[in-house]
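# Structural characterization, general
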Amino acid sequence: MNRRSSRRGRDVAVLLDDFGHRLPGVPAVETAERERGPFTALVPRRGPRGRGRGRAVALAPLSVWRMTSEQTPVVWPLIATSGLPPTGAQMGIDLLSGGAFYCDPVGWVTDDAIPVTNPNVVVFGKPGRGKSATVKAFALRMLAYGYRTLILGDTKDEYEPLCRALGVEPFVIGHGLSARVNPLAFGPLGHGWDRLAAAEARRREAIMFARWLVLIRGLVGSQNVPFGPVEETAVGEALRLLTGYRSGATRLTEPTIPQLWRVLDEPTDELVTCCRYADRRHFLDATRTLRDAVGALVKGSLAGLFDDHTTIAVDWRAPIQSLSLSRLEPLGDQAVGIALTCLNSWGQAMREIAELGDLRIVIRDETWRQMRLGVDAMKSLDANLRLSRRDADVQILLAHKPSDMLTAGDASSQAVAIARDLLHLCDVKVLHGQDQAVAEELATMLGLTPIAQRVVTGWAIAGKGRALWLVGDRAFKVQTVLTEPELALTDTNEALTAIPLELKDPEMGRPA
């Protein structure tokens, strides 16, 4: 035995073996080959040496924090998702989270986790920043979810290519054209009147006459004529006589604005008695300004457009419907505003009895023109926004900047107060690029923080389709992404980029 082994001694297994006790052997275990590391060489803490290799002179200070899993998403800035469910139209990319951004106003209302109580949307943006393209893309993509679109007053024929691409020819309203719209139309409420129970007839009557009074109040108020209890009583009783409701007719007659004017201008003894006037002269003296205002609608610039029964047959099962008002542009903002008010009442009548599941997107462009007509005209728009939850409609209002809402009157007027309330009736706000001069409006009217203001006046103004989306109290920095077919359907610069006919090759149809 060598010297080294004696120094170490014998192990326990050998010792026990000398006394006849053999320990069981340990089976050999095959060790798997160790995987090769992904990095062939480790980088020093201060970075690799060499010129341009990113070496750091000093180490970055690091801090260690201990928190719960509930606190981590708030502190950690790299959020995985935008915080909204992936339902509805996929609009583009949320640059704050890096994920896709989806728009589903009705779905947001039904989700208690999202601070949205109504599906109304207001879109602001400087011309050319992509607000119309965003709205068109939203309407087009929501077709897959059963939504249909109604454009109540296309003042610039922007939605005409989209309608034709979906196989629908838009209706055009203007002088010399056959299309007529009766703002005093019954709508679905007038169907089967002779078969209704007394209680249901009274309920429908209340809805119809309330809508008509809101319309007449707006049209009369647009001419700076007061519409108080005296005028309301006269108009209400005249409409009841025209329809036959006052006499208990089983089949009502649909009135028109010229008929209403003639009844007021040539009152019957029954109307004078119902309005509690002493005689016919007393009635005429008390309603002189009202009769002149209604007569101006019949004989004014819009004569022949909204003073007869509706001549258009709207297919409400079609994916989109549009009523063009571009032919009225030469008549001025007031005429277009009055036309929008008439279409507003007509569109509301068509939606008063909607089937369950009949979801619709109602686009209202150039709403500032209707607001400039005064407080009574704004009440009509205000009523539609308040009924959006009942009708399952997504009301979309488009304007250039928030101060457009304040052009309805003086700063302390009731019209401006209603205009401010309209912003609160739109829980979803889409803010496209604005000039720096609008930053103060964004702060005072919408309550944007300085960082959010810089997003709208800086990042959003630098590119089309960029917008700050406010969903309740949550903000999202979204870049709208359009496909090639959508780019062709949403282009609003056709008039600017079109080549004059005299510069085209007559044979090839290309620039000479």
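Further up the page is the structure itself.
With that settled, consider the overall build of the chain. For the chain, the count of helices and strands is 21 helices and 11 strands. Per-residue burial for the chain yields a buried fraction of 46% across its 512 residues. Restricting to contacts in the chain with at least 6 residues of sequence separation, those with at least 24 account for 72%. Taken as a whole, the chain presents about 27800 Å² of accessible surface, with 54% of it coming from carbon and sulfur.

Another point: the packing of helix 7 (residues 198–221) against helix 8 (residues 229–243). The contact between helix 7 and helix 8 brings their axes to 10 Å, and the two run at 130 degrees. In terms of axis orientation, helix 7 runs oblique to helix 8. Where helix 7 crosses over helix 8, the handedness of that crossing is right-handed. For the pair helix 7 and helix 8, contact is made by Glu205, Phe209, Trp212, Leu213, Ile216 and Arg217 and by Glu232, Val235, Gly236, Leu239, Arg240 and Thr243, respectively. Here the contact of helix 7 with helix 8 is built from residues that sort into 6 nonpolar, 2 polar and 4 charged.

With that out of the way, let us pick up the pattern of salt bridges. If you walk through the whole model with that rule in mind, you get 17 salt bridges. One salt bridge connects Glu158 with Lys136, and the closest N-O pair in it is separated by 4.0 Å. Pair noted here: Glu158 is in the loop between strand 4 (148–154) and helix 6 (160–165) and Lys136 is in helix 5 (residues 131–141), with a separation of 22 residues, a long-range link. For the pair Glu158 and Lys136, one class covers both residues: buried.

Our next topic: the pairing of strand 8 (residues 393–399). Strand 8 sits mainly inside the fold: 7 of its 7 residues count as buried. The side-chain alternation of strand 8 yields two buried faces, one formed by Asp393, Gln395, Leu397 and Ala399 and the other by Val394, Ile396 and Leu398. Here strand 3 (residues 121–124) runs beside strand 8; their pairing, made up of 4 bridges, is parallel. In the strand pairing of strand 8, Val123 is matched with Leu398. Inspection of the sheet shows strand 7 (residues 360–364) paired to strand 8 by 5 bridges, in the parallel sense. When the sheet's bridge partners are listed, Arg360 is paired in strand 8 with Asp393.

All right, on to a positive patch on the surface then. On the surface, a cluster of positive charge is made up of Arg45, Arg46, Arg49 and Arg55. Structurally, the position occupied by Arg45 is in the loop between helix 2 (12–18) and helix 3 (72–75). Judged by relative accessible area, which is 73%, Arg45 ranks as exposed.

Here we have 11 strands laid out as an open sheet, ordered 2-1-11-10-9-3-8-7-4-6-5, and mixed in their pairing. In this open sheet, the two edge strands, each paired with only one partner strand, are strand 2 (99–103) and strand 5 (171–172). Strand direction decides the pairing type here: strand 3 and strand 9 (residues 428–432), joined by 4 bridges, are parallel. The partner of Val121 across the bridge, within strand 9, is Val428.

Our focus in this paragraph is the pairing of strand 1 (residues 89–94). Of the pairings in the sheet, the one linking strand 1 to strand 2 comprises 5 bridges and is antiparallel in character. When the sheet's bridge partners are listed, Asp94 is paired in strand 2 with Gly99. Connecting the antiparallel pair strand 1 and strand 2 is a turn made up of 4 residues, with Gly98 showing a positive phi of about 80 degrees. In this structure, strand 1 lies alongside strand 11 (residues 474–480), joined through 3 bridges in antiparallel fashion. Within strand 11, the position partnered with Asp94 by the bridge is Val478.

Side chains of Val12, Leu16 and Leu23 sit close together on the surface and give an oily, nonpolar patch of about 260 Å² of accessible area. Here Leu16 lies in helix 2. Residue classification places Leu16 among the partly exposed positions, given a relative accessible area of 30%.

Quick look at the state of the cysteines now. A covalent bond between the sulfur atoms of two cysteines is what we call a disulfide. Evaluated as defined, the whole model comprises 0 disulfides. Sulfur of Cys275: no disulfide; nearest cysteine sulfur belongs to Cys274 and is 6.7 Å away.

It is characteristic of soluble globular proteins that their nonpolar side chains tend to be buried jointly. Formed by 63 residues in total, the largest nonpolar core has its most connected members in Ile173, Val235, Phe283, Leu323 and Trp346. Of all the secondary-structure elements, those providing two or more residues to this core are strand 4, helix 7, helix 8, helix 9 (257–265), helix 10 (269–274), helix 11 (280–286), helix 12 (288–299) and helix 13 (333–350). Those residues in contact with Trp346, other than ones at most four positions away along the chain, are Leu152, Val181, Asn182, Pro183, Ala185, Thr310, Ile312, Val314, Trp316 and Leu323. Residues Met91, Val123, Leu162 and Val478 belong to the second largest nonpolar core, which totals 37 residues.

Structurally, Gly458 can be placed in helix 19 (residues 450–459). The exposure class of Gly458 is partly exposed, given its relative accessible area of 35%. Spatially, the C-alpha atom of Gly458 lies 8.0 Å from that of Gln436, the residues being 22 residues apart in sequence.

It is at 9 Å that the axes of helix 18 (residues 439–446) and helix 19 come closest, and there the two elements cross at 140 degrees. When the axes of helix 18 and helix 19 are compared, the pair comes out oblique. Viewed along their axes, helix 18 and helix 19 form a crossing whose handedness is right-handed. Between helix 18, through Ala439, Leu442 and Ala443, and helix 19, the contact on the second element is made entirely by Gln453, Val456 and Thr457. Each residue belonging to the contact of helix 18 with helix 19 can be placed in one class, and the counts come to 4 nonpolar, 2 polar and no charged.

It is worth spelling out the packing of aromatic side chains at this point. Enumeration over the complete set of coordinates arrives at 8 aromatic pairs. On the basis of an interplanar angle of 35 degrees and a centroid distance of 6.1 Å, the ring pair of Trp316 and Trp346 is categorised as tilted. Of the two residues, Trp316 is situated in the loop between helix 12 and strand 6 (320–324) and Trp346 in helix 13; the sequence distance between them amounts to 30 residues. Taken together, the aromatic side chains of Phe101, Trp108, Trp469 and Phe476 make up a single cluster linked through ring pairs. For the cation-ring pair, Lys136 lies above Tyr159, with the distance from its terminal atom to the ring centre recorded as 5.4 Å. Taking the ring centre of Trp459 as reference, the NZ or CZ of Lys477 above it sits at 5.0 Å.

Parameters and conventions
Residues numbered from 1 in each chain as written. Predicted model: local features only at pLDDT ≥ 70, side-chain atom pairs only at ≥ 80, totals over all residues. Heavy atoms only, no water. Helix = DSSP H or I, 4+ residues; strand = E, 2+ residues; numbered from the N terminus. Buried < 20%, exposed > 50% of the residue type's maximum accessible area, 1.4 Å probe, protein only. Contact = heavy atoms within 4.5 Å. Areas by Shrake-Rupley, 256 points an atom, 1.4 Å probe, with all protein chains shown as cover. Axes fitted to C-alpha atoms, helices over the stretch in contact; angles between N-to-C directions. Parallel < 35°, antiparallel > 145°, perpendicular 65-115°, else oblique. Left-handed = near helix turned anticlockwise from the far one by under 90°. Nonpolar A, V, L, I, M, F, W, Y, C, P; charged D, E, K, R; others polar. Salt bridge = Lys/Arg side-chain N within 4 Å of Asp/Glu carboxyl O. Pairing = 2+ DSSP bridges. Patch = residues over 30% accessible without salt bridge, like charges linked within 9 Å, V, L, I, M, F, W, Y side chains within 5 Å. Lys, Arg positive; Asp, Glu negative; His and termini not counted. Charge placed at Lys NZ, Arg CZ, Asp CG, Glu CD. Disulfide = S-S within 2.5 Å. Core = buried A, V, L, I, M, F, W, Y, C linked by side-chain atoms within 4.5 Å. Phe/Tyr/Trp six-rings, centres within 6.5 Å; stacked < 30°, edge-to-face > 60°. Lys NZ or Arg CZ within 6 Å of the ring centre and 35° of its normal.

Take it as geometry only, folks, not as evidence of what the structure does.
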